[in-house]
Amino acid sequence: MGRCRGKRLGYIALLCAAAVAVGCGGSRAVQVIAQKASARTLVIDAGHGGFDGGAIGSGGTAEQEINLRIAQRVQVLAAFFGVRTQMTRMDDGALSYDPSRPVRENKIADIRARERMVEEIADPVFVSIHLNKFSDPQYHGAQVFYSPNHAGSRALAEMLQDCLIRGCDPQNHRQARQAERTIYLMRQLTCPAVIVECGFLSNPAEEALLRDPAYHKKLAAAIVSGYLWYENSG
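Rules used throughout
Residues numbered from 1 in each chain as written. Predicted model: local features only at pLDDT ≥ 70, side-chain atom pairs only at ≥ 80, totals over all residues. Heavy atoms only, no water. pLDDT = per-residue confidence, 0-100. Contact = heavy atoms within 4.5 Å. Helix = DSSP H or I, 4+ residues; strand = E, 2+ residues; numbered from the N terminus. Expected span 1.5 Å × (residues − 1). Buried < 20%, exposed > 50% of the residue type's maximum accessible area, 1.4 Å probe, protein only. Phe/Tyr/Trp six-rings, centres within 6.5 Å; stacked < 30°, edge-to-face > 60°. Polar contact = N/O pair within 3.5 Å; in protein donor to acceptor, adjacent residues only side chain to side chain. Core = buried A, V, L, I, M, F, W, Y, C linked by side-chain atoms within 4.5 Å.

## Remarks on the confidence of the model for the chain
Overall, the prediction assigns the chain a mean pLDDT of 87, with 83% of residues at 70 or greater. Note that residues 19-35 has pLDDT below 50 and, in this model, 32 contacts with residues that lie over four places away or in other chains.

So this is what it looks like as structure tokens:
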């Protein structure tokens, strides 16, 4: 157990240093320094986009923009460590958008486009980046939700949750939980699949953090650390 804990903390320290050194900006190429490339593909899903902006913070922060910024940093840092990656969206637009369709139909088209993208990959691991919001502003802290359709989903979620707490917010006592069946992708996907709610836009202090590029780096380092821990746990 001590060896596993030491390995986990080593990942966190190494990734935090790499996050600062690389800068994790945009989609620029970085040198691969991983011990070995995985056969799996990390599918990084920036939630919402385009007409579907997601939650809006009390300070006007739009969820879709922050989701994309964090997802981009996850992609660059994961690639730095030799992980094969695929982004579901690369810009602020929605997937399969048709302006002639009603909003509901565009939402369905968007979510099913993400589903098809995952299904077309040989050995995917799906990580969806989101932000939370609640009526009571006191609530804060990142939390990971997992699909019940694959045994690896819970393990991945718990490792991500652990790294997010240790790397970003030691006062966060949230635990990984199974996603509600109403969440389409968590219900449909059969690969390891999780949703990472990176924090609450409804909490003013956390909203300010979620606007900060330096905090995006910490979140990305924690997410990639958790993913590498999962990859090397088998």
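## Here we look at helix α4 (residues 151-168)
Between its first and last C-alpha atoms α4 spans 26 Å; for 18 residues at 1.5 Å apiece the expected length is 26 Å, and the two agree. For α4, the buried fraction is high: 13 of the 18 residues fall into the buried class.

## Here we look at the packing of aromatic side chains
The full count for this structure, using the stated rule, is two aromatic pairs. Geometrically, the ring pair formed by phenylalanine 134 and tyrosine 139 is edge-to-face, given 5.3 Å between the ring centres and 80° between the ring planes. Note on phenylalanine 134: relative accessible area 45%, which makes it partly exposed. Taking the relative accessible area as the measure of exposure, tyrosine 139 reaches 35% and is therefore partly exposed.

## So, helix α7 (residues 213-231)
Taking 1.5 Å of rise per residue, 19 residues should cover 27 Å, and α7 covers 27 Å from first to last C-alpha, within 8% of that figure. Burial within α7 is extensive, with 14 of its 19 residues counted as buried. Where α7 starts, the residue carrying a side-chain oxygen 3.0 Å from the main-chain nitrogen of alanine 214 turns out to be aspartate 212.

## Some words on the nonpolar core
Ile70, Ile129, Leu164, Val194, Val196, Cys198 and Ile223 are the most contacted members of the largest nonpolar core, which has 46 residues in total. The set of elements that each furnish at least two residues to this core consists of β1 (41-46), α2 (63-80), β3 (124-132), β4 (143-146), α4, β6 (193-200) and α7. Leave out the neighbours within four places in its chain, and leucine 164 touches Ala142, Val144, Asp169, Val196, Leu219, Ala222 and Ile223. Of all hydrophobic cores here, the second largest spans 12 residues; its members include Ile121, Ala179, Leu185 and Cys191.

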